Amino acid sequence: DCEVEVHGKVMAAVSSGESLDFPIVHLSEGFEEQTGYDMAFALGRNCRFLQVKDAAMNKALNGLELEHIKSFCSRQSEGCTELFFLINENSRGDRFWNLLLMKHIEVRGHPY
């Protein structure tokens, strides 16, 4: 057993594995507050909008992790879990660390 104490709101998003682009199908209030992107904007989009807007800088900061994420998404093995550490940008362009936990799950026959 492990107990975790959370201060503030948790930032969370759920993406659907039924589409090739893994669109966000649910997000938390903490996600909206941290990123500055509301539900109306984020739902149905891939979370790439959080990446550093300058492509060369994003590649320098996150390139290796992004390659690992692509590999993870292509596997789609239920129960498979990986952890990634990215630098993202909120809607104002401020950078923040994103500890990204990804896990393939199936709910009622649908992959997420």
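All figures in this text were calculated on a predicted structure; none of them were measured in a lab.

Asks: Before we go on, may I ask you to explain the packing of aromatic side chains in this structure?
Replies: Applying the stated rule across the entire model yields five aromatic pairs. Between the aromatic rings of Tyr37 and Phe41, the centroid separation amounts to 4.9 Å while the plane-to-plane angle is 20 degrees, which identifies the pairing as stacked. What makes Phe41 partly exposed here is its relative accessible area of 28%. Each ring, one from Phe72 and one from Phe84, has its centre 6.2 Å from the other, and the planes form 75 degrees; the classification is edge-to-face. Taken together, the residues Phe72 in helix α3 (residues 55-75) and Phe84 in strand β3 (residues 81-89) connect sequence positions twelve residues apart. Clustering of aromatic rings is evident, with ring pairs tying together Tyr37, Phe41 and Phe49. Just above the ring of Phe41 sits the side chain of Arg45; from NZ or CZ to the centre is 3.8 Å.

Asks: How should I be thinking about the environment of Thr35 in this particular structure?
Replies: As for its placement among the helices and strands, Thr35 is situated in helix α1 (residues 29-35). Once the C-alpha coordinates of Thr35 and Asn90 are considered, the two residues, 55 residues apart in sequence, prove to be 4.3 Å apart. Side-chain polar atoms of Thr35 contact the backbone oxygen of Phe31, separated by 2.8 Å. A polar side-chain atom of Thr35 sits 3.1 Å from the main-chain amide nitrogen of Tyr37.

What counts, and at which threshold
Throughout, a residue's number is its position along its own chain's written sequence, starting from 1. Given that this is a predicted model, residues contribute local features only at a pLDDT of at least 70 and side-chain atom pairs are listed and counted only at 80 or more, while totals for whole chains, interfaces and linings are drawn from all residues. Water and hydrogen atoms play no part in the side-chain values, which are based on all heavy atoms of the structure. Aromatic pairing here means that ring centres of Phe, Tyr or Trp (its six-membered ring) are within 6.5 Å. Orientation follows from the plane angle: under 30 degrees is stacked, over 60 is edge-to-face, and everything else is tilted. Each residue gets one of three labels from its accessible area relative to the maximum for its type: buried under 20%, exposed over 50%, partly exposed in between, using a 1.4 Å probe on protein chains only. We count a stretch as a helix when DSSP gives it H or I for four or more residues in a row; a strand needs E for two or more, and each element gets its number in order from the N terminus. Any Lys NZ or Arg CZ found within 6 Å of a ring centre and within 35 degrees of that ring's normal is scored as a charge over the ring. Polar contact criterion, stated in full: a pair of N or O atoms within 3.5 Å, where within protein one must be able to donate a hydrogen and the other to accept it, and residues adjacent in sequence count only if both atoms are side-chain atoms.

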